[in-house]
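A structural walkthrough
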Amino acid sequence: MASLGVEAIWLTPFYASPMRDFGYDISDHCAVDPSFGTLEDFDALVAEAHRTGLRVILDFVPNHTSDQHPWFAESRASRESPRRDWYLWRDGNPPNNWISVFGGPAWTWDEATGQSYYHAYLAEQPDLNWRNPEVREAMFAVLRFWIARGVDGFRVDAMRQVLKDLSLRDNPAVEGWDGPRDVYASLRPEFTTDLDEVQEVVAALRRAIGDERLFMAEVTAPIPRLVRYYGAAGEGAHLPFNFHLIFADWDAAAIAALVEEYEAAVPDGAWPNWVLGNHDQPRVASRVGPRQARAAAMLLLTLRGTPTLYYGDEIGMEDVLVPPERVVDPDGRDPERSPMRWTGEPGAGFTSGEPWLPLGDPAVNVEAQEADPRSILALHRRLIALRGAREDLLTGSYETLQADGVLAYRRGTSTVVALNLTGAPRSAALSGEIVLDTGLARAGERPDRLQLAAGEGVILDA
Ligand code: GLC
């Protein structure tokens, strides 16, 4: 990872967990699940990462715990339990129409105590009550535990979900919805997500995380709502994840419009960020196709702001076909979670045992690409190195130059990026010296008029 040139790694949850939602159902926030190792292994990982200059960012899951967490066991035990109010218990079965992100009612009835509890995700992931000061304090203690072990930041899970409407108003139906009724997308999550009061929790988390560490937040929201998570100066997340590229049409005009809207919306003094893939979404190489995957990498790494790269995307891994008998995720996300392919060998250099998911195409692996100076891995290295060395790409302004099949933009004073996002060759009225191209074969060329093959991209000194 250090040789890739990245400066930080974000680890998805490795805490003690029954693994119903693969670590996002935590039964002990301050323990390492035995399937991953021990706290000593964690300390060694941090020490080694720091030795090689990598910062370590942890996943922090404030919204819910596992139903196996001792807090929930106590909460569930009786209506009089001192921890009853740590979770969201209400009368009624169900108390209202809220639907879980994974489908089906977001309330589960507890026969013994005659109430329902709320869960934004699985029934095995009951939501904590963030209006309760003891819950906040207990969760801030978790942050302090990991801060004391030397971590450099947190990626906060499900940020916009932490508070829900106190009077439990029904979520309104999506107009024109004619699909099944128990699906999350059938309702507008107006009373379960992104309440104005969530900003107050964001500010409290910022105080707990401090300014010496990075605060990234998972926020799926339209741009005007998303940028609110930056908060007022010093009070919000440093980087509310900007997922919009993942959902954008692969089209120059659409992407230019998105970048411009986002650029205009990011508050003064705040820093933008871009994401092309993560463990919840189909892989970029599968979404845009292998031919466009290099242009996608060049886009991610030349836009203004911090890029987040999903492991495996740097070698062009695609979604892996998972046969029905090997499906493990409740939400269909196995294809993008197949293990990293380090080598072409049977365990892919990842395991000598049975991997938790199928491994995918053996030809796509780090070892093979290390030996190929024009591989997509080599391209990522060159892009990351260039970003670090070229002030225009680090801090320069963004300006769209062209958005008609070819997406071209200027960064700073003398850097132009041109990407042919179509499936056919294109030419563009751009000139200058090619500094880097997606095929790693044209550096030094000085075209008068730029010709680009389908899916080709170049960075020009212009
Ligand atoms: C976030 C995670 C996702 C998880 C969910 C519940 O969306 O990225 O993987 O299933 O939260 O914790």
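Residues numbered from 1 in each chain as written. Predicted model: local features only at pLDDT ≥ 70, side-chain atom pairs only at ≥ 80, totals over all residues. Heavy atoms only, no water.

**Let's talk about the packing of aromatic side chains**
For the structure on display, the rule yields 23 aromatic pairs. Between Phe-241 and Phe-243 the ring centres are 5.4 Å apart and the planes differ by 25°, which places this aromatic pair in the stacked class. For Phe-243, a relative accessible area of 6% corresponds to the buried category. Positioned over the ring face of Trp-86 is Arg-83, at 4.3 Å from the centre of the ring. The ring centre of Tyr-311 lies 5.0 Å from the NZ or CZ of Arg-283, which sits over that ring. (Phe/Tyr/Trp six-rings, centres within 6.5 Å; stacked < 30°, edge-to-face > 60°. Buried < 20%, exposed > 50% of the residue type's maximum accessible area, 1.4 Å probe, protein only. Lys NZ or Arg CZ within 6 Å of the ring centre and 35° of its normal.)

**Section: the domain arrangement of the protein**
Entries for the protein in the domain assignment read domain 1 (8-65 + 133-166 + 191-383) and domain 2 (397-461). Here the C-alpha centre of domain 2 lies 29 Å away from the C-alpha centre of domain 1. Between domain 1 and domain 2, the contact holds 25 residues from the first and 27 residues from the second. If you sort the residues of domain 1 by the area they bury against domain 2, Ala-252, Met-298 and Thr-302 come out on top, with a joint share of 26%. Where domain 1 packs against domain 2, one counts zero salt bridges. (Domains from an automatic or database assignment. Contact = heavy atoms within 4.5 Å. Buried area = accessible area lost by both parts, 1.4 Å probe. Salt bridge = Lys/Arg side-chain N within 4 Å of Asp/Glu carboxyl O.)

**A closer look at the site of the ligand**
Around the ligand, the structure places Asp-21, Tyr-24, His-64, Phe-102, Tyr-121, Arg-155, Asp-157, Glu-218, His-279, Asp-280, Arg-333 and Arg-337. Here an oxygen atom of the ligand and a side-chain polar atom of His-279 are 2.8 Å apart. Alone, the ligand offers 310 Å² of accessible surface; in the complex the protein occludes 96% of this. In terms of residue class, the shell around the ligand is made up of three nonpolar, two polar and seven charged. (Near = heavy atom within 4 Å. Polar contact = N/O pair within 3.5 Å; in protein donor to acceptor, adjacent residues only side chain to side chain. Areas by Shrake-Rupley, 256 points an atom, 1.4 Å probe, with all protein chains shown as cover. Nonpolar A, V, L, I, M, F, W, Y, C, P; charged D, E, K, R; others polar.)

**Topic: the side chain of Thr-308**
Along the chain, the position of Thr-308 falls in strand S12 (residues 306-308). Residue Thr-308 is classed as buried on the basis of its relative accessible area, which comes to 12%. When residues no more than four places from it in sequence are discounted, the contact partners of Thr-308 are Trp-10, Met-216, Phe-241, Trp-274, Val-275, Leu-276 and Leu-300. (Helix = DSSP H or I, 4+ residues; strand = E, 2+ residues; numbered from the N terminus.)

**A word on the pairing of strand S6 (residues 107-110)**
Direction of pairing for S6 relative to strand S7 (residues 115-118): antiparallel, over a ladder of four bridges. For Trp-109, the partnering residue across the bridge sits in S7 and is Ser-116. Counted along the chain from S6 to the antiparallel partner S7, the turn is four residues long, and its residue Gly-114 has a positive phi close to 65°. (Pairing = 2+ DSSP bridges.)

**Observations regarding the pattern of salt bridges**
Throughout the structure, instances matching the rule amount to 32 salt bridges. A salt bridge links Glu-190 to Arg-188; the nearest nitrogen and oxygen atoms lie 2.8 Å apart. Owing to a relative accessible area of 38%, Glu-190 belongs among the partly exposed residues under this scheme. Between Arg-304 and Glu-263 there is a salt bridge, with its nearest N and O atoms 3.0 Å apart. Pair noted here: Arg-304 is in the loop between helix H9 (290-302) and S12 and Glu-263 is in helix H7 (residues 252-265), with a separation of 41 residues, a long-range link. A relative accessible area of 17% places Arg-304 in the buried class.

**Some points on the packing of H9 against helix H11 (residues 376-389)**
The interhelical angle for the contact between H9 and H11, taken along N-to-C directions, is 15°, at an axis separation of 10 Å. Considering their axes alone, H9 and H11 lie roughly parallel with respect to each other. Crossing angle aside, the handedness with which H9 passes H11 is right-handed. Counting all contacts with H9, which are made through Ala-293, Arg-294, Ala-297, Met-298, Leu-300, Leu-301 and Thr-302, the residues of H11 involved are Ile-376, Leu-379, His-380, Leu-383, Ile-384 and Arg-387. Within the contact of H9 with H11, the residues separate by chemical class into nine nonpolar, two polar and two charged. (Axes fitted to C-alpha atoms, helices over the stretch in contact; angles between N-to-C directions. Parallel < 35°, antiparallel > 145°, perpendicular 65-115°, else oblique. Left-handed = near helix turned anticlockwise from the far one by under 90°.)

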